[in-house]
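Summary of the model geometry
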Amino acid sequence: MSAAYRRECLWSRVPADGHYRLVGGLKTDISELRGDAAGPQSAPARVGDAVLSFGAADSSFLPVDTAWAAWLDDWLSYQQNFGAGTDERIRAAHLMTFYAHHLACVAAGLFLTDGVVPDLSPKNLFVRFEPFDRRSGRPEAARRFHFRSPHLPTRVGADDLHDRFVESLMPAVEALNLRCQLSTGSLWRLASDGIFGAFLDGGTGSAEDETAMAAGLAIVEREGSPFCSGLPRVERVAGTDGRERLHRIRSGCCLAYRAEGGRHCDVCVLLPADERRRRLSALGLGAALV
């Protein structure tokens with residue numbers, strides 16, 4: 001998702017229903033979520049556009065394992081907003097990363113800040129795909145995933161968080177594999193790109209960025225994980241201006257090159273390493289690439 005679509009979404013109590021939500025533009029800390037008299041005072045993490053709320057889910061939500069069957073057509077159709085001339089396989093590839101990024105945003109923000117994570121089980125986690133508030137400044141058609149959990153988050157380690165991601169994303173992988181005939185391996189790698197991106201988004205400064213990157217890598221490159229590609233996830237490339245920059249490299253292909261007028265992304269896993277570095281080096285000065 002482009003930077004224009006990203007914002008800080010932080011914790012705040014919502015008095016109207018007594019539950020807590022992940023919302024934009026409000027600053028507080030996780031101690032309010034737990035109701036502690038005193039709690040950790042670490043700065044909340046930026047977690048993108050996804051929303052997480054707690055409490056009983058109303059009829060506008062469905063359990064994740066049900067939602068993927070009920071709303072797949074709608075979610076696939078929405079992906080057309082990100083590029084012209086896409087077929088269903090391209091939209092499916094984009095949806096896998098898009099959804100995994102939203103899911104990981106609501107988990108990574110809490111995990112990086114306080115080491116806690118909501119229940120991500122597809123039977124216990126509810127979801128809906130909702131428009132942004134009109135005051136948000138987003139395009140009128142822009143929508144986001146809103147997750148709702150009946151349980152408050154609990155403290156977990158990186159291994160447990162990895163397993164929760166795998167369990168939660170299983171309905172997505174199964175639905176898109178069946179519908180669009182993308183291999184399960186490619187879908188897991190696409191999901192891992194969304195997860196790793198969410199962790200990188202969770203960093204708020206140089207030290208936090210390193211911590212977030214390490215936490216994300218521990219999940220997506222865990223040995224034996226369906227997320228694991230064994231390929232570099234990041235690469236430092238010197239630009240033509242002489243400055244070295246860190247770039248995130250995709251491990252799954254979004255198939256954008258197959259769209260009408262499409263081309264391989266500059267960080268595409270299918271590009272030869274030399275070509276990828278040439279493109280990324282040119283980007284150091286904002287050069288146009290052919």
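By convention here, each chain's residues receive numbers from 1 onward along its written sequence. Where local features are concerned, this predicted model is filtered to residues with pLDDT of at least 70; where side-chain atom pairs are given and counted, the filter is 80 or more; whole-chain, interface and lining totals use all residues. With hydrogens and water set aside, each side-chain value is computed from the structure's full complement of heavy atoms.

Notes on the side chain of Thr-86
The residue Thr-86 is located in the loop between α3 (72-78) and α4 (88-114) in this model. Any residue under 20% of the maximum accessible area for its type is buried, any over 50% is exposed, and the rest in between are partly exposed; the area is computed with a 1.4 Å probe on protein chains only. Taking relative accessible area as the criterion, Thr-86 reaches 19% and is therefore assigned buried. Working rule for contacts: check all heavy atoms of both residues, and any pair within 4.5 Å makes them a contact. Not counting residues up to four positions away in its chain, the partners in contact with Thr-86 are Gln-80, Arg-91 and Ala-259. Only DSSP runs of H or I with at least four residues qualify as helices, and only runs of E with at least two residues qualify as strands; both kinds are numbered from the N terminus onward.

Focus on the pairing of strand β6 (residues 126-131)
Pairing analysis gives two bridges linking strand β4 (residues 62-63) to β6, with the strands arranged antiparallel. Paired with Pro-63 across the bridge in β6 is Phe-126. Two strands qualify as a pair provided that DSSP identifies no fewer than 2 bridges between them. The pairing of β6 with strand β7 (residues 143-149) spans six bridges and is classified as antiparallel. Bridge pairing in β7 links Phe-129 to Phe-145.

Comments concerning the packing of aromatic side chains
Stacked, tilted and edge-to-face pairs are distinguished by plane angle, under 30 degrees for stacked and over 60 for edge-to-face with tilted covering the rest, among Phe, Tyr and Trp rings (Trp via its six-membered ring) whose centres lie within 6.5 Å. This structure, assessed with the given rule, holds 18 aromatic pairs. Summarising the aromatic geometry, the rings of Trp-71 and Trp-75 are spaced 6.2 Å apart at their centres and angled 55° between planes, so their arrangement reads as tilted. You can call Trp-75 buried: its relative accessible area is 0%. When the ring of Phe-82 is compared with that of Phe-98, the centres are 5.5 Å apart and the planes differ by 55°; the resulting orientation is tilted.

Let's talk about the state of the cysteines
Cysteine sulfur atoms are paired as a disulfide whenever they come within 2.5 Å of each other. Tallying each qualifying case throughout the model produces zero disulfides. As a non-bridged cysteine, Cys-253 has Cys-268 as the owner of its nearest cysteine sulfur, 4.3 Å distant.

Here's the deal with the confidence of the model for the chain
For residues with low pLDDT, the predicted coordinates do not support detailed interpretation. Confidence of the prediction at every residue is given by pLDDT, a number between 0 and 100. Per-residue pLDDT for the chain averages 79, and the proportion of residues at 70 or more is 78%. Mean pLDDT across the elements of the chain bottoms out in strand β1 (residues 9-14) (26) and peaks in β4 (98). Low pLDDT (under 50) marks residues 285-290, which in the prediction has 11 contacts with non-local residues, meaning those over four places away or in another chain.

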